[in-house]
Every structure is written in C-alpha cells, then in structure tokens.
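One letter stands for each residue in the lines below.
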Amino acid sequence: MKQLFRRTLSLFLALLLLLPVCAAQTKKQVTGQPKGYWPYHVAYNKAVEGGNVDEILKKGDALLNFYANYEINTDIAANSYNVYYYRYLNSIFEKRGDYAAAKDNLEKLLYVSEIAGIKDMDTITDAKIRKIDPRTGVFACTADSSTAVYYGAKWEPKAGVYYGRALNAVGGKLMKTEQIANESIASIYLEVGGTTASGFSWLVDQVNNGSRALLFCLNFPKEGTTVSQINGGWHDDNIRKSLAYIAGLGCPVFLRIGAEMNVWTTPTTPKAYKNAYIRIAKLAREIAPNAALVFSVNCVGAYGDDMTQYYPGDEYVDWVGVSLYYNRYMNAKTEAEMDDFGDLYFGIGSWGEPVASVSETVEHFGDRKPIMITEGGVGHYNAAKHTDLSDYAADRITRAYRTLTMVYPQIKGIAYFDTNTDGSDYLYDLDGSQKARAAYDAAVSANETLMHRIDSAAKVYIPLDSFCERASTVAVSAYCYPHYSGDVYTDYYLDGALYARGDGVTRSVTLDTTGLSVGAHTFTAGFSNGGQ
C-alpha cells in the first residue's frame, strides 16, 4: 500500500518538534559556472536522454548539491532551472504521490527562474502550487457553532450556509417551484441601465415569503464601457430606483455589483472599476442600508490577472463573491484537452475540482469576509458537439455540494446557475439531465450545513482535533484530492487498529464512543492509493 498522508487527531496528543541548530555554511562566490560543474552537467543530461526517472532524479540532485556550495548567480540559476523545470514539466513527484516534494520543486523553480531572468514562470508555477495541494483534512460535523468561522457581516449566519439557484420564469410564471421550496436563497439578474429591480417585483413577490434571502446580481452589460458610464454619472437615476425598491424588502438582501470583472472582454482599469463599484456602494449605503454588498470575481481571471487589484476596500464590501464553474472542456467546440497548462490554470476537465478552483478567492479574502458562490455550476451537455456530459457533471456537482463547505467554512452561500443562456455551448439547467439533478438533490440533502430556510438550524464543519463535545457518536469526514494519485482510500484507525474505511466523496464514518474506556484515545486517518 502506498501511503500518501496520515494525520493523527487527539485532544490529548501534543507533538514537540526539535530542530538542530547548525552553523551557517560559507558559500563560495564565482562568476559564471563554478569549476568542476561539467561532469555533473553531462551526467544529468545523459540521464535525461536515458529516460530512467530514478537516475534522472539522482543525477539532478548531484548537480544541485554541487551548486549548493556556491552563491547562486545567473548561470547557476539557469542550469538549475533546467533540472527543476524538467521535474515540473513531467510531474515527476506528483506522479509518485510526493506532493510535498512537488511543491518544494515548484518553489525552487520559481526562485531560480527569477534570478536567471526567465519571465512568466510565476503565474503558472503559483497556480500549480495551489492546485496540487491535496488539502488533506479531517472534520467533525457539529451543531455547536461556538468555534465556527464568523465575521459578523451583514446577513451572515453564525452557523449554516445559504443555498439556492438562479430563478427561472416563463410568461410571468415562476418555474421549478418544487425544487426551490426548501432553498434559502434565490438570485435575480439586473443590468445597469436596464430594467430596475422594481420591474422584477412580479418575480420577487412569488418567492419572498420569509423563508429565503434574495441575491440581486447587478451586472455591467457593456463591461468596461458601462464602468465609464457609471463613473460619468449616466446611470445614477437607474441605480437609485433599483436601490429604493431593494430598501423596501423585508428579507435578507444581497447586492452583487459588477461581477467577473477579471474575465471581461471589454476591458477597464482596476482604478476605474473600483471607482464605479464605490459609486454604487455609496448609493447603496445611503438608500438601501439593508443590502449586503458583494464584490464578486470569477474564480480565475485572464492569464496572469490578479483578482485583488479590483478590490474596492473592506469599507465597501460585506461579502466576497465568486463565480465557480468547473466544466469539462476549455473549448467546447473542439473538446481539446489542455491538461497541465490551460486546464490546470483555468480549473477545467480533470483539474475542475471545485475546492481547488475556489481556493485562490478564499485565500485572498476569506481571512476577513464571508464568501458566497454567487453563481456557478457545470455543463451537463455540450451543444456544440452534441456530447452528453452528465456523468462528469454529476460527479462535480457532488464534489462541490459535499466538500466546499467542509474544507472552507468561510463559504456561507452557494447559488447554482440553473438556467441556459443564448449563445452558450454548455447547458446548465438541472432539469435537462436526470443524473445532474439527482446528484444535486442527493448532495444538498446530505450536507447538513445547508440551510433550507433563512431561520433554520444548521450544522458546521470544524477540524476534528477542535471537536470537544460529550457525544455518543461523532460524524467524521475527510478531504483529500491528490490529482495524480488516482483513487485514494481513507482508512480510520482507533488506537492503532483499523476502525472503518470512509465512504463516498466526503470519506465519512460514524465514530461510536459508547464502548470506549475513560481516558485518552487516538483516532487516525490514513490516505492511500492502492491496496485494500
């Protein structure tokens, strides 16, 4: 059995890590390549030509260890880059399940590329460091919210997660009334300069029954052009009218302002965007103080784009939103695989893991703001190629709705884009795929953190080693997604003896404590790929 990870969890266990203190080694300074490097260089190149991975690693380490005796310069960095880049390009450590070594290699690759003056490695390197992290964790699901992540933001639940979908209506009649009956949020789309919020009162009246929150998505229809118009005051009256209507609503209200600016095709500047957002935010604070303001990005921007440059500041943001799509192909018209470059960077196909895809947003903003997935989903049918993608979609929906709120308790809202749009190659409407809808229904039913009403009780996930309750049973779940390691099994051990194998995407097991003796016990989760 190839053991990937093991975590020991006990309220009574403490680990002391002793690090030896070594005298600093004085490194030699040289210009160009140091004398004696050539035999190491030749041996490494021959190993690469031979293709034996063990020999490639051995000879590469020999060269790097030789260089470790010298102060790094551009020539040493350039040759070291070749070693690290080969390991990165061929995913050598990842395929061996050694994700710590893979991360270390990527960090060193980034370091030497900067010294060697090799540009553009930072973007893809940073992305891969983030995406290959298995994010191994073991969690308990509990009704005790005393240790839950909570920021005190407007309309933020102490425990639980709003969930729902974009509303659909035909001929003035709300559709999917049965599906949304037990959901706690519904989203409605507006456009700056278009029909104001009051123009959707007929739709709001059909869902505003005291059981759910409303998410108004105020889009900028002409993207960068609309930004300029907002900053010029062109749409103040239109925006004020929408805010006046929103101010009169008695339910929790969220206002998403100009979302997905990091993937717009009609560009703007970060400064111009922030000015437009702030202009609307100030109006909202004045006219509709009941609305929680949502700054919302796409989970990944155009290549190399930094989502944080658009952030208008904590004063104008109550929640941070994110659009989270995890489709099968980057280009639906060709269905071409891009794997470890495009697919990895944009979170597509085999790299379309919801937890990994949302990680950048959570890491940037989740230390101070609750996170809401303001829209997202997965195409279950490719209309461009007439390809049924239901199996893929069902798997990703299950992963999203079972694991996102477990791994990231900062996520306090999820709205599915349950509709099809003109011109889109992908179909998202859940009713269009029996498998996708069944996966959604099963996942939201099983996730006890999702609120079925805005006032309903819900549970939270906390790290298992933070769990401290008197309970006869403990619901234990785990997460681990090592991309290159195939199927990974989770086995739980109680006091060193196999207790159970985790079940399903959340690797769940129920720990029965009634038969345990008084005293300390150790509960361990082991993750492996291969063997029973």
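Up top is the structure.
Treat the numbers as computed from the prediction; the structure is a model and nothing was measured. (Residues numbered from 1 in each chain as written. Predicted model: local features only at pLDDT ≥ 70, side-chain atom pairs only at ≥ 80, totals over all residues. Heavy atoms only, no water.)

Enquirer: Explain the sheet that holds strand S13 (residues 387–388) residue by residue, including any values.
Expert: Here we have three strands laid out as an open sheet, ordered S13-S12-S15, and antiparallel in their pairing. Pairing within the sheet leaves two strands with one partner each, and these edge strands are S13 and strand S15 (426–427). The pairing of strand S12 (residues 381–382) with S15 spans two bridges and is antiparallel. Its bridge partner lying in S15, Tyr 381 is registered against Leu 427. (Pairing = 2+ DSSP bridges. Helix = DSSP H or I, 4+ residues; strand = E, 2+ residues; numbered from the N terminus.)

Enquirer: Report on the packing of aromatic side chains, specifying residues and quantitative values.
Expert: One pass over the full model with this rule turns up 33 aromatic pairs. Measuring from centroid to centroid gives 6.2 Å for Tyr 277 and Phe 295, while their planes differ by 75°, and the two rings are edge-to-face. Of this pair, Tyr 277 sits in helix H11 (residues 270–287) while Phe 295 sits in strand S9 (residues 291–298); the two residues are 18 residues apart in sequence, bridging distant segments of the chain. Judged by relative accessible area, which is 0%, Tyr 277 ranks as buried. Residue classification places Phe 295 among the buried positions, given a relative accessible area of 0%. (Phe/Tyr/Trp six-rings, centres within 6.5 Å; stacked < 30°, edge-to-face > 60°. Buried < 20%, exposed > 50% of the residue type's maximum accessible area, 1.4 Å probe, protein only.)

Enquirer: An account of the layout of surface pockets is requested, with residue identities and associated values reported.
Expert: In this structure, the largest pocket encloses a volume near 1300 Å³. Around the largest pocket, the lining comprises 44 residues; the ones closest to its centre are Glu 260, Tyr 325, Glu 375, Phe 417 and Thr 421. Within the residue set of the lining of the largest pocket, elements represented by two or more residues are strand S6 (185–191), helix H8 (201–207) and strand S10 (319–325). Ranked by the residues each element gives to the lining of the largest pocket, the list is headed by S6, at four residues. When the residues that make up the lining of the largest pocket are grouped by side-chain class, the tally is 25 nonpolar, twelve polar and seven charged. (1 Å grid on protein atoms, 1.4 Å probe; cavity = no way out; pocket = protein on both sides within 12 Å on 5 of 7 lines; lining within 4 Å. Points joined across faces, edges and corners; volume = space filled by probe spheres on them. Nonpolar A, V, L, I, M, F, W, Y, C, P; charged D, E, K, R; others polar.)

Enquirer: Which residues make up helix H2 (residues 53–67), and what values go with them?
Expert: Along its 15 residues, H2 runs 21 Å from first to last C-alpha, staying within 8% of the 21 Å computed at 1.5 Å per residue. Contacts from the buried residues of H2 go to helix H1 (38–50), helix H3 (74–89) and helix H4 (92–95). (Expected span 1.5 Å × (residues − 1). Contact = heavy atoms within 4.5 Å.)

Enquirer: Account for empty space enclosed by the protein, with residues named and values stated.
Expert: A complete count under the given rule lists four cavities of 30 Å³ or more for this structure. Its boundaries defined by the atoms lining it, the largest cavity holds a volume of some 100 Å³. Lining the largest cavity are 13 residues, and of these Thr 405, Pro 409, Lys 412, Val 460 and Tyr 461 lie nearest its centre. Elements supplying a minimum of two residues to the lining of the largest cavity: strand S14 (411–416) and strand S17 (460–463). Of the residues in the lining of the largest cavity, the class split is eight nonpolar, three polar and two charged.

Enquirer: Give me the sheet that holds strand S2 (residues 137–142): which residues, what numbers.
Expert: Strand-to-strand pairing in sheets goes through backbone hydrogen bonds, with the strands running parallel or antiparallel. Taken in spatial order, the four strands line up as S17-S2-S18-S21 in an open sheet, and their pairing is antiparallel. Of all strands in the sheet, those bounded by a partner on one side alone are S17 and strand S21 (509–512). Across this sheet, the average inter-strand angle for adjacent strands is 40°, counted without regard to direction. In this structure, S2 lies alongside S17, joined through four bridges in antiparallel fashion. Opposite Cys 141, over in S17, you have Tyr 461 as the bridge partner. Across the sheet, helix H14 (residues 390–407) touches S2, S17 and strand S18 (473–479), and the angle it forms with S18 is around 100°. (Axes fitted to C-alpha atoms, helices over the stretch in contact; angles between N-to-C directions.)

Enquirer: Can you lay out the environment of Val 322 for me, pointing to particular residues and giving the numbers?
Expert: Mapping Val 322 onto the fold places it in strand S10. Once the C-alpha coordinates of Val 322 and Val 300 are considered, the two residues, 22 residues apart in sequence, prove to be 9.2 Å apart.

Enquirer: Explain the pattern of salt bridges to me, using residue names and the numbers behind them.
Expert: The tally for this structure, following the rule as stated, stands at 31 salt bridges. One salt bridge in this structure joins Glu 375 and Arg 256, with 3.1 Å as the shortest N-O distance. In this pair, Glu 375 is assigned in strand S11 (residues 371–377) and Arg 256 in strand S8 (residues 253–257), connecting sequence segments 119 residues apart. Under the relative-accessibility criterion, Arg 256 is labelled buried at 2%. (Salt bridge = Lys/Arg side-chain N within 4 Å of Asp/Glu carboxyl O.)

Enquirer: Give a detailed account of the side chain of His 41, specifying residues and quantitative values.
Expert: With respect to the helices and strands, His 41 occurs in helix H1. Apart from residues no more than four positions distant in its own chain, His 41 is found in contact with Leu 63 and Asn 79.

Enquirer: How would you summarise helix H6 (residues 121–132) if you had to cite specific residues and measurements?
Expert: For H6, spanning twelve residues, the distance from its first C-alpha to its last is 16 Å, which sits close to the expected 16 Å at 1.5 Å a residue. Within H6, ten of the twelve residues are buried, leaving the element largely enclosed by the surrounding structure. Of all the positions in H6, only Met 121, Thr 123, Ile 124, Thr 125, Ala 127, Lys 128, Ile 129, Arg 130, Lys 131 and Ile 132 are classed as buried. The secondary structure elements touched by the buried residues of H6 are H3, H4, helix H5 (99–116), helix H12 (342–346) and helix H13 (354–365).

Enquirer: Describe the pairing of S8, listing the residues and the values that go with them.
Expert: The side chains of a regular strand alternate, residue by residue, between the two faces of the sheet. Within S8, five of the five residues are buried, leaving the element largely enclosed by the surrounding structure. Two elements, strand S7 (residues 213–219) and S8, share five bridges in a ladder whose sense is parallel. Across the sheet, the residue bridging to Leu 215 is Phe 254, located in S8. With five bridges joining them, S8 and S9 adopt parallel strand pairing. Across the sheet, the residue bridging to Arg 256 is Val 294, located in S9.

Enquirer: Outline the nonpolar core, supporting the account with residue identities and numerical values.
Expert: With 122 residues, the main nonpolar core has Phe 216, Phe 220, Leu 255, Tyr 277, Phe 295 and Tyr 401 as its most contacted residues. Element by element, the count of residues in this core is highest for H11, at ten residues. Counting residues in hydrophobic clusters, the runner-up holds 20 residues, among them Ala 140, Ala 148, Phe 523 and Phe 527. (Core = buried A, V, L, I, M, F, W, Y, C linked by side-chain atoms within 4.5 Å.)

Enquirer: Pulling in residues and values, what's your account of the pairing of S7?
Expert: Most of S7 sits out of view: six of its seven residues are buried. Pairing between S6 and S7: seven bridges, direction parallel. When the bridges of S7 are listed, Glu 191 appears paired with Asn 219.

Enquirer: Could you give an account of unusual backbone geometry, naming the residues involved and the relevant values?
Expert: Positioned with a positive phi, Glu 260 is a non-glycine residue whose angle comes to about 60°. Counting through the fold element by element, Glu 260 comes out in the loop between S8 and H11. The backbone of Glu 335 sits at a positive phi, close to 55°, despite the residue not being glycine. Within the secondary structure layout, Glu 335 lies in the loop between S10 and H12. Under the relative-accessibility criterion, Glu 335 is labelled buried at 19%.

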